[in-house]
Amino acid sequence: MDLKTASALRRLRLVSAPEAVSFLLLLVCSVLKRTTDFNAVPVMGMVHGVLFVLYVLFWADAWNRAKWPLGTAALYFVLSVLPTGGFFAERRLRREAEDAVIASRARKEGVVNA
């Protein structure tokens, strides 16, 4: 994996968990708006919107650079629209990065020919 691909995956991984947290907070704020006088929906909506747009931009960049199959790219996009999906995306991306590091070290040491 080259440096630009690794950077794209890292950016996507780093924005996925905050995006999931903002989505959950937006849901909580929506409930509080309906049940109390507390209304933080406009602020949380904007925060979540910015993080979601960043996630989609980083997802598109990662898909382009990592050459994911359509199924993998679709999975990461679907995880972005689920309330806790960003946490699962972050975990999968971390594992993918760790596997790439292990494969790179194995190639350097001559263990594999890939």
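What comes next concerns the included structure. (Residues numbered from 1 in each chain as written. Predicted model: local features only at pLDDT ≥ 70, side-chain atom pairs only at ≥ 80, totals over all residues. Heavy atoms only, no water.)

## Quick notes on the overall build of the protein
- Across its full length, the protein holds four helices and zero strands.
- Radius of gyration (C-alpha) of the protein: 17 Å, far over the 13 Å computed for a compact globule of 114 residues.
- In the protein, which comprises 114 residues, the proportion classed as buried is 29%.
- In the protein, the share of contacts with a sequence separation of at least 24, taken over all contacts with a separation of at least 6, comes to 62%. (Helix = DSSP H or I, 4+ residues; strand = E, 2+ residues; numbered from the N terminus. Rg over C-alpha atoms; globule rule 2.2 N^0.38 Å. Buried < 20%, exposed > 50% of the residue type's maximum accessible area, 1.4 Å probe, protein only. Contact = heavy atoms within 4.5 Å.)

## Re the packing of helix α1 (residues 3-35) against helix α4 (residues 85-109)
- Packing of α1 against α4 leaves a shortest axis separation of 7 Å and a crossing angle of 160°. As summarised for this structure, α1 and α4 are arranged roughly antiparallel, according to the angle between their axes. α4 is crossed by α1, and the crossing has left-handed handedness. Facing Leu9, Leu12, Arg13, Ser16, Ala17, Ala20, Val21 and Leu24 of α1, the residues of α4 in contact are Gly86, Phe87, Ala89, Glu90, Leu93, Arg94 and Glu96.
- The residue inventory of the contact of α1 with α4, partitioned by class, reads nine nonpolar, two polar and four charged. (Axes fitted to C-alpha atoms, helices over the stretch in contact; angles between N-to-C directions. Parallel < 35°, antiparallel > 145°, perpendicular 65-115°, else oblique. Left-handed = near helix turned anticlockwise from the far one by under 90°. Nonpolar A, V, L, I, M, F, W, Y, C, P; charged D, E, K, R; others polar.)

## Things to note about unusual backbone geometry
- Although it is not a glycine, lysine 67 sits at a positive phi angle of roughly 55°.
- Along the polypeptide, lysine 67 turns up in the loop between α2 (41-66) and α3 (70-81).
- Take lysine 67: its relative accessible area is 63%, and that puts it in the exposed class.

Just geometry here; none of it tells us what the structure is for.
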